[in-house]
Amino acid sequence: ASVSVIMPAAGSGQRFGSQSNKLFAVLDGKPLWQHAVDRFQHRGDVRQIVLAISEEDDSTFREQIAAISSAVPIHLVRGGATRSESVRAALDQVQKFAAESASNGTATKTLVAIHDAARPLVRQVDLDRVFAKAAETGAAILAAPVSGTLKRATSHGSDTVDRRHTYVALTPQVFAIDVICQAYARDRGRMATDDAQLVERTSHPVQLVTGSADNLKITFPEDLRIAEAILNECRS
Ligand code: C5P
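Remember, it's a predicted structure, so these values are computed and weren't measured experimentally. Residue numbers here run from 1 along each chain, matching the order of that chain's written sequence. Local features in this predicted model are restricted to residues of pLDDT 70 or higher, and side-chain atom pairs are both shown and tallied only at a pLDDT of 80 or more, whereas totals for entire chains, interfaces and linings draw on every residue.

Visitor: What should I look at first to understand the confidence of the model for the protein in this one?
Guide: Detailed reading of predicted coordinates is not advised where the pLDDT is low. On a range of 0 to 100, pLDDT expresses the predictor's confidence in each residue. Summary statistics for the protein give a mean pLDDT of 94 and a share of 98% for residues scoring 70 or more. Predicted complex, confidence summary: ipTM 0.97, pTM 0.95.

Encoded structure:
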């Protein structure tokens, strides 16, 4: 399969607490977003990477992208007010490319991999496995089994959620292009915190592929220190 990667990168990172987008925070000598891009750009199956960015960050992204050499084209599209809107904008771009290559007679089965630019540590073996599962089934996501005890706040206090069969959704979330486009087409405007949720609503089953819990999303400043420690451990 040939994979188009969508990276929503248009968030404001309020919880991170910095003035600028957290994706420009430096981890091991390069901005966070670039770690995410680098995990995909050298793979033989990745054809392009589409970054959804905000107007505010446009010039910074352009400068930083101009300073690196990427093995695959990196396209920029304008993101939206929510993560879903940002993904939708990138998906429109990916669909255009897919239509062009179909009319050039170069179409192969296209997978769309949607990956948070704020996840710098995804492993190649996990990408191999989730791409393969998506190629086979049309929809697969990385997910990590819940390790702690899960509580639900109730009106009287709390109760405990049975954690067997319970996973935390990670990214990338990978879909056949038709599957994800259909999901976005029928779900205009509805809220979703990940893309698999939209596909689940179409009743196309989404397969869970167990991925490494190292694949953390940088949300708070302390997450950067954890990411640094993981990178250092991988080097030793
Ligand atoms: O804020 P959070 O880290 O959960 O967002 C997940 C990803 O979605 C980030 O990479 C962020 O830049 C992106 N995002 C986006 N457009 C938004 C909000 C978030 O592309 N409006």
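Visitor: Just checking my understanding: could you explain the UniProt feature "site: Transition state stabilizer" (unreviewed entry) in the protein for this structure?
Guide: UniProt positions are given in the numbering used here, feature names are shortened, and annotations may be inferred rather than shown by experiment. With numbering aligned to this structure, UniProt lists the feature "site: Transition state stabilizer" (unreviewed entry) at R15 and K22. For R15, the location among the structural elements is in the loop between β1 (2-8) and β2 (26-27). In this description, a residue-residue contact is defined by the distance between C-beta atoms placed from the backbone, which must lie within 7 Å. Once you skip the residues sitting within four places of it in the chain, R15 turns out to touch T219 and F220. Its place among the elements puts K22 in the loop between β1 and β2. Residue K22 is classed as buried on the basis of its C-beta count, with 24 C-beta atoms lying within 10 Å. Sequence-distant contacts of K22, that is, excluding residues within four places in its chain, are made with G13, F16, L32, A118 and I218. A run of H or I in DSSP becomes a helix once it reaches four residues, and a run of E becomes a strand once it reaches two; helices and strands are each numbered from the N terminus. We call a residue exposed when 12 or fewer other C-beta atoms sit within 10 Å of its C-beta, buried when the count reaches 20 or more, and partly exposed for counts in between; the C-beta positions come from the backbone.

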